[in-house]
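In case you want the letters, here they are:
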Amino acid sequence: MHMTMTDKTLDEILTLAAAHFNVPRQRLTPDDDFFKTLGIDSLQALDLLTKLENHFRIELPDYELQGVSDFRTLASRIQARL
Amino acid sequence: MLNLDQYSCLGAALRDALERWPDEVCLIESDRNREKTRLTYSDFKETARPLARALQDADFKPGDRAAIIMTNQSKWLISAYAVFHIGGVVVPLDYKLTATEHLQLLTHSRAKFLVVEYHLWRAITHAPEFSHNQVKTVLVTEAPLGADLAGAFRWEEFRRKGEPEFLSRKRDDIACIVYSSGTGGRPKGCVLTHENYLEQCKSLIAWYPFWPGVRYLSILPTNHAIDFMVGFIGPFVCGACVVHLRTLRPDFVRDAFVKYKITYVSLVPMVLKNLERGLKAKFQELSSVKRFLLNRMISLNRAFARKRLNIQRSRRLLREVHEGFGGELLAMFTGGAFIEPSTLQFFYDLGIPVANGYGLTEAGTSLTLNDFRPFRADTVGKPLPGVELRILNPDADGIGEVAAHGKTIMAYYLDDPELTAGTIVEGWLLTGDLGRFDGIGHLQLFGRKKNMIVTEGGKNIYPEDVETVFDGLPVKEYCVFAANYIWPDKQLGREALVLVLRLDQNQEFDDRLKADIVARNRKLPDFKRVGGYAIWSEDFPRTASMKIKRNLLAEELGEHLDRSTAVSEL
């Protein structure tokens, strides 16, 4: 099946988040509320953003995470800056 | 520092600060590891005065209101200075609110001017309510080249040559309108006077002085009462420096402590816990020998500090820990009763005092603060100079509602005499918080009498404000409560919002309804979400105008439902 750029970005985000917070990759799905699924607070979410910046070699201002709580929306924000 | 008794308004005190310490650095702004701005008080004057003049030329009149919606950065302070210089009123709005909420509060405050960051302005202009926007002049910061500003001006270009006319205000004139909450329901705009701020500043500085060379790290949003005071007014009237970070990533915050040799910082409980977690993880990574030595040093420091903390000695004993914070940290400020005593004790044992305090927007900034004479991990400290506190109707344990009196108490709630009359009674502010004094005059907090919660991130959440997201929910009726309001338990650790549902006749709570509730709940920012739901089998008591009688309903619920079995997690 053809994978769009956003799907690929999404997949990489899920893999990175799983590794960073030490949860099995298969437990995470694109529409998960990552605060709840990962059991993290907003500071830990900002930490994840730093990891994603390093991986995708982009800079994401903190405000890009404002109001975002699922991986799919996060992927679209990152995709827009790639 | 300036003698604040001599001033009638913030504008005059700030104006004199710029003249008094022209060569001292007052602002540093850093984005990640890149320093973007460094201004002396003289540079600040050169930047702020042309803005003030341009505002005046744009028909800004004394008493006009200018809202600011910005993350922590130098332009926030420069803009606020300009507004105070020409006799204006600052309306600091929380940048984390939604565009719709921003528009509601802009309308409620009757702001004529707005200073806003580009990405926030873009969101505001896309909101459906934008067509009702009544702000006359909008200044947008950091807009990209060629961006559509929807009639706004670029902040960076909005300046005029020539001295602005300084316009003095009286002590009882309005300085700021600060919203303590109430976007969806009843906006609570706390009207704070110049006297409120000058007196609050005086009492805070008496205990925690600033001076030229002191560096305050601004992490809390500047729209927050604490950062506005200790991250703007306090440092400026003493010739000190404020460091802004454009990102709040924990990595960069830690770097900033070291790079800028920070003296003071204010933190919400969540950040403090994050720091504790990080330090403990680092300690765990040490070799067993090093960890043993570190623990011995901490024990030794704890023994020395039992009576009184000597920071110099702590820095010598625990050099590496203190160097991790830049080596010059004198205190970290935090607020509320959420901080676990063990966290405060952890930092105190390291020789890093965390001054825990208690305050509310209605009371300016802070009512109590820990002055470490002596250190108490289980209290929110003593009343600040000039603040009088009383415990109303104490029970057998001495616990009752905390009431406050003094020159820092707000004047009134904007456009809400009824709410004001119920909140400030004969000059005493009824805080809605339950507390008691211990034997040495420290205040201990035990819970809330009012229907609200405060998050670990320091946000006040009122149930009425989150209810709108459940509009149209297919049930007979619903109501959101703070769990502690229904089931008072004299502690603050279990604060959560609960959605109470009254189902239709023959209706069952099924997976579809639950999915609907979950989906709606997720539309709310994470800190505003409802934590659980409870089913109630009676019709809600209502007033003649069909408003839910919340207090009566809460009483009924508390009487007939047990929290541990009735509330299911969402």
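Residues numbered from 1 in each chain as written. Chains lettered and ligands numbered in written order. Predicted model: local features only at pLDDT ≥ 70, side-chain atom pairs only at ≥ 80, totals over all residues.

Caption draft 1: Up close: the overall build of chain A. Helices and strands together make up the secondary structure of chain A, namely four helices and zero strands. Listed N to C, the secondary structure of chain A is α-α-α-α in terms of helices and strands. Here the C-alpha atoms of chain A give a radius of gyration of 12 Å, agreeing with the 12 Å that 2.2 N^0.38 yields for 82 residues. Oriented by its inertia axes, the alpha-carbon framework of chain A measures out at about 35 × 30 × 20 Å. Each of the 82 residues in chain A was classed as buried or not, and the buried ones make up 22%. Restricting to contacts in chain A with at least 6 residues of sequence separation, those with at least 24 account for 54%. (Helix = DSSP H or I, 4+ residues; strand = E, 2+ residues; numbered from the N terminus. Rg over C-alpha atoms; globule rule 2.2 N^0.38 Å. Buried ≥ 20, exposed ≤ 12 C-beta atoms within 10 Å, placed from the backbone. Contact = placed C-beta atoms within 7 Å.)

Caption draft 2: Just the overall build of chain B, in detail. Looking only at helices and strands, chain B features 19 helices and 28 strands. Its C-alpha radius of gyration of 24 Å places chain B within 12% of the 25 Å reference for a compact globule of 570 residues. With the C-alpha coordinates of chain B rotated into their principal frame, the extents come out at 75 × 65 × 50 Å. Looking at chain B residue by residue over its 570 residues, the buried ones come to 48%. In chain B, of all internal contacts separated by at least 6 residues, the share reaching a separation of at least 24 is 69%.

Caption draft 3: Representation of the nonpolar core within the structure. Residue and element names in this part refer to chain B. In terms of nonpolar packing, the biggest core is built from 162 residues, with A66, I68, V90 and L114 touching the most fellow members. Aside from chain neighbours lying at most four places away, what touches L114 is A66, A67, L106, V135 and V138. Core analysis: the second largest hydrophobic core is formed by 27 residues, V480, I486, I517 and L524 among them. (Core = buried A, V, L, I, M, F, W, Y, C linked by C-beta atoms within 7 Å.)

Caption draft 4: Fine view of the environment of A175 of chain B. Residue and element names in this part refer to chain B. Inspection of the secondary structure assignment puts A175 in strand β8 (residues 174–181). Taking C-alpha positions, A175 is 13 Å from A13, a pair spaced 162 residues apart along the chain. Setting aside its immediate chain neighbours within four residues, A175 contacts L10, V89, V90, L192, T193, H194 and Y197.

Caption draft 5: Geometry of the interface of chain A and chain B. Across the boundary between the two partners, chain A contributes 14 residues, which contact 15 residues of chain B. Of all the elements, helix α3 (residues 42–56) of chain A adds the most residues to the side of chain A that touches chain B, at six residues. Of the residues assigned to the side of chain A that touches chain B, the class counts are five nonpolar, five polar and four charged. (Nonpolar A, V, L, I, M, F, W, Y, C, P; charged D, E, K, R; others polar.)

Caption draft 6: Geometry of the packing of helix α1 (residues 5–20) of chain A against helix α4 (residues 71–79) of chain A. Residue and element names in this part refer to chain A. Two numbers describe how α1 lies on α4: the axes approach to 9 Å, and their chain directions differ by 120°. Here the hand of the crossing between α1 and α4 comes out right-handed. Contact residues: α1 offers M5, T6, T9, L10, I13 and L14, while α4 offers F71, R72, L74, A75, S76, I78 and Q79. (Axes fitted to C-alpha atoms, helices over the stretch in contact; angles between N-to-C directions. Left-handed = near helix turned anticlockwise from the far one by under 90°.)

Caption draft 7: Quick look at the confidence of the model for chain B. Per-residue pLDDT for chain B averages 92, and the proportion of residues at 70 or more is 98%. Scored by ipTM, the complex comes to 0.81, with pTM at 0.87. (pLDDT = per-residue confidence, 0-100.)

Caption draft 8: Broad picture of the domain arrangement of chain B. In terms of domains, chain B is made up of domain 1 (4–266) and domain 2 (453–569). Inter-centroid distance (C-alpha atoms) of domain 1 of chain B to domain 2 of chain B is 36 Å. (Domains from an automatic or database assignment.)

Caption draft 9: Representation of the sheet that holds strand β28 (residues 568–569) of chain B. Residues and elements named next belong to chain B. Strand order in the open sheet formed by four strands is β25-β26-β27-β28, and the pairing between neighbours is mixed. Where the open sheet ends on each side, the last strands, each with one partner, are β25 (477–482) and β28. Looking at chain direction, strand β26 (residues 497–502) and strand β27 (residues 532–535) are connected through four bridges and run parallel. Opposite L499, over in β27, you have Y533 as the bridge partner. (Pairing = 2+ DSSP bridges.)

Caption draft 10: Structural view of unusual backbone geometry. Residues and elements named next belong to chain B. Residue P374 is bonded to the preceding R373 through a cis peptide linkage, with omega at 5°. Assignment of secondary structure puts P374 in the loop between β15 (368–369) and β16 (382–383). One non-glycine residue with positive phi stands out, namely R110, at about 55°. Looking at the element boundaries, R110 is found in the loop between α4 (99–109) and β5 (113–117).

Caption draft 11: Spotlight on the pairing of strand β14 (residues 354–358) of chain B. All names here are of chain B. Taken across its five residues, β14 has five buried, putting it largely inside the fold. Burial along β14 is two-sided: the residues V354, N356 and Y358 and A355 and G357 are all buried. Pairing of strand β13 (residues 331–335) with β14, which is carried by four bridges, proceeds in the parallel orientation. Residue pairing for β14: F333 is matched across the bridge by A355.

Caption draft 12: Just the environment of V480 of chain B, in detail. Residues and elements named next belong to chain B. Looking at where V480 falls in the secondary structure, it is placed in strand β25. When the C-alpha positions of V480 and I177 are compared, they lie 27 Å apart, and in sequence the two are 303 residues distant. Those residues in contact with V480, other than ones at most four positions away along the chain, are P463, V466, E467, L497, L499 and V530.

Caption draft 13: Summary view of the pairing of strand β2 (residues 34–40) of chain B. All names here are of chain B. Where strand β1 (residues 25–31) lies against β2, six bridges are found, and the strand directions are antiparallel. The partner of D31 across the bridge, within β2, is R34. Joining the antiparallel neighbours β1 and β2 is a turn of two residues, in which R32 adopts a positive phi near 55°.

Caption draft 14: Structural detail: the confidence of the model for chain A. With 96% of its residues at a pLDDT of at least 70, chain A reaches an overall mean of 86. Element-level pLDDT for chain A is lowest in helix α2 (residues 34–38) of chain A, with a mean of 84, against a maximum mean of 90 in α4 of chain A.

Caption draft 15: Representation of the packing of α4 of chain B against helix α5 (residues 118–126) of chain B in the model. Residues and elements named next belong to chain B. For the pair α4 and α5, the least separation of the axes is 8 Å and the interaxial angle reads 85°. Regarding the angle of α4 to α5, the classification is roughly perpendicular. Residue-level contacts link A99, H102 and L103 of α4 to A123, I124 and H126 of α5. When grouped by side-chain class, the residues that make up the contact of α4 with α5 number four nonpolar, two polar and no charged. (Parallel < 35°, antiparallel > 145°, perpendicular 65-115°, else oblique.)

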